[in-house]
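Inside the fold
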Amino acid sequence: MPDDARIDLAHEGPVALLTLRHPPGNRITQAMVQELAAHVAGLEKDSAVLAVVVAGSGGRTFSEGLEAGEWASVSPKDAPAAIQRGYEALWALEHLTKPTIAAVEGACLGAGAELALACDLRFASETATFAFPDVDRGWMPSHGGVARLPRMIGRARALELFVSGVEISARHAADLGFVERVLPPGKALEAARETAALIAKKPRSAVHAIKRALTEGEEKPYRNRFLLESQHSVQLLWSDAYREAQEKARRKAP
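The following paragraphs examine the structure supplied in this document.

Definitions and cut-offs
Residues numbered from 1 in each chain as written. Predicted model: local features only at pLDDT ≥ 70, side-chain atom pairs only at ≥ 80, totals over all residues. Heavy atoms only, no water. Buried < 20%, exposed > 50% of the residue type's maximum accessible area, 1.4 Å probe, protein only. Helix = DSSP H or I, 4+ residues; strand = E, 2+ residues; numbered from the N terminus. Pairing = 2+ DSSP bridges. Polar contact = N/O pair within 3.5 Å; in protein donor to acceptor, adjacent residues only side chain to side chain. Contact = heavy atoms within 4.5 Å. Core = buried A, V, L, I, M, F, W, Y, C linked by side-chain atoms within 4.5 Å. Arc of directions from axis to C-beta. Axes fitted to C-alpha atoms, helices over the stretch in contact; angles between N-to-C directions.

1. Observations concerning the pairing of strand E4 (residues 100-104)
Counting buried residues along E4, five of its five residues qualify, which places the element largely inside the surrounding structure. Residues Thr100, Ala102 and Val104 point to one face of E4 and Ile101 and Ala103 to the other, with burial holding for every one of them. Summarising the sheet, strand E3 (residues 51-56) and E4 pair through four bridges and their orientation is parallel. Pairing of valine 53 across the sheet is with isoleucine 101, part of E4. Where E4 lies against strand E6 (residues 121-125), four bridges are found, and the strand directions are parallel. Across the sheet, the residue bridging to isoleucine 101 is leucine 121, located in E6.

2. As for the sheet that holds strand E7 (residues 129-131)
Read across the sheet, three strands follow the order E5-E7-E8 without closing on themselves; strand pairing throughout is mixed. Each having just a single partner strand, strand E5 (107-109) and strand E8 (168-169) make up the two edges of the open sheet. Examined bridge by bridge, E5 and E7 share three bridges and lie parallel to one another. Residue pairing across strands places leucine 109 opposite alanine 131, the latter belonging to E7.

3. Examining the side chain of serine 57
Within the secondary structure layout, serine 57 lies in the loop between E3 and helix H2 (68-72). Looking at serine 57, its side chain comes within polar contact range of the side chain of asparagine 26, at 3.0 Å. Apart from the residues within four sequence positions on either side, serine 57 is in contact with Thr19, Leu20, Arg21, His22 and Asn26.

4. So, the nonpolar core
Judged by nonpolar contacts, the single largest core of 50 residues is most densely connected at Leu115, Phe130, Leu149 and Phe178. Beyond its immediate chain neighbours, meaning those up to four positions away, leucine 115 contacts Leu20, Ile28, Leu36, Val54, Phe62, Leu90 and Leu93. Leu17, Ala55, Ile101 and Val207 belong to the second-largest nonpolar core, a separate cluster that totals 15 residues.

5. Structural notes on helix H6 (residues 155-164)
Burial in H6 covers these residues: Ala158, Leu161 and Phe162. For H6, the angular spread of buried residues about the axis comes to 95°, placing them on one side. What points out from H6, more than 90 degrees from its buried face, is the exposed set Ala156, Glu160 and Val163. For H6, the elements touching its buried residues are helix H5 (145-153), E8 and helix H7 (170-176). Of the residues flanking the end of H6, it is glycine 165, one or two places downstream, whose phi is positive at about 70°.

6. So, the sheet that holds E3
The mixed open sheet is built from six strands, whose spatial order is E1-E2-E3-E4-E6-E9. A strand with exactly one partner marks an edge of an open sheet, and here the two such strands are strand E1 (6-12) and strand E9 (181-183). Ignoring strand direction, the axes of neighbouring strands in this sheet form an average angle of 20°. Of the pairings in the sheet, the one linking E6 to E9 comprises three bridges and is parallel in character. Considered in E9, the bridge of serine 125 is made with leucine 183. Most of the contacts of helix H1 (residues 30-45) go to E1, to which it runs at about 25°, and overall it touches E1, strand E2 (15-21) and E3.

7. Looking at unusual backbone geometry
Between proline 23 and proline 24 the backbone carries a cis peptide bond, its omega angle lying at 5°. Relative to the assigned elements, proline 24 resides in the loop between E2 and H1. Phi angles above zero are rare outside glycine, and asparagine 26 is one such case at about 50°. With respect to the helices, strands and loops of the structure, asparagine 26 is situated in the loop between E2 and H1. Judged by relative accessible area, asparagine 26 falls into the buried class, the value being 1%.

As C-alpha cells, then:
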C-alpha cells in the first residue's frame, strides 16, 4: 500500500477541489479520513471558498471503498473509534455551509459511495457504477450510508442495495434518485466544476441560507422545517447582498 495515499486540496478561484489520490482504486485509508476532516474544517473557515467539488484521481475511479487490508487489521476494540472518525468526517462534509458536488467516474463502491452520498449533488459519468459490497465481507456500510441512502431513495430500495451488494449503473442510480446528472464518459468533473463555478457567482449569504435550511430541516420534524425556512429567509432581508440585488432590480425596472 503506498504510503503517500492522500486527499489533495486545490483552489480554482472560489471553487475548492478535493481529490482522492490513492491509485489504482482510490481506496480510503484512516489517514485519508483524518485528512478529509481537516480539509473540511479549513474550507468552512475559508471565506474565499464558495463551492466544493470532490473527485477521484486518474479520472477512471472515484473510490473502491475502504482500504481493505488496513481495516482488516483493526481490532473490534479499536473499530468504534475508527468508525466514529469516519462518520464524523462525512457529517462535517454534509454540513459544510458551502455546496458540495461529487464528480463520479468509474467505480464508486462502499465507503466511496458513502462519501458521494455525503455531498449535496452527485454528477456521474455514464460509465460510473455504484455498489455497497460490504455485505459480502460480512459487514455493512459504516460511514453514514445506512442513514443517508434511505432518505434519498426510500427504505426498501436502500435495503435491496445494501443486502444484495449488486452493482448498478449511473443511469439506474439516477432513476432511483441519488445521482442528479449523468454525463458522457470523462465529463463528470468538468460538469461539476462548471456548476460549482455557477453557484459561486450567486450571493453567498443566500446560498448558505438555502443549504442550511435544507440540511437542518431534514433533521427536524416536518412542522419545524417551515419555521426554519422562515427564520433564514427573514435573516436574508437584512443582508447586504439582498439590498444590493433589490437596488439593481430597481435600476433595471422601466
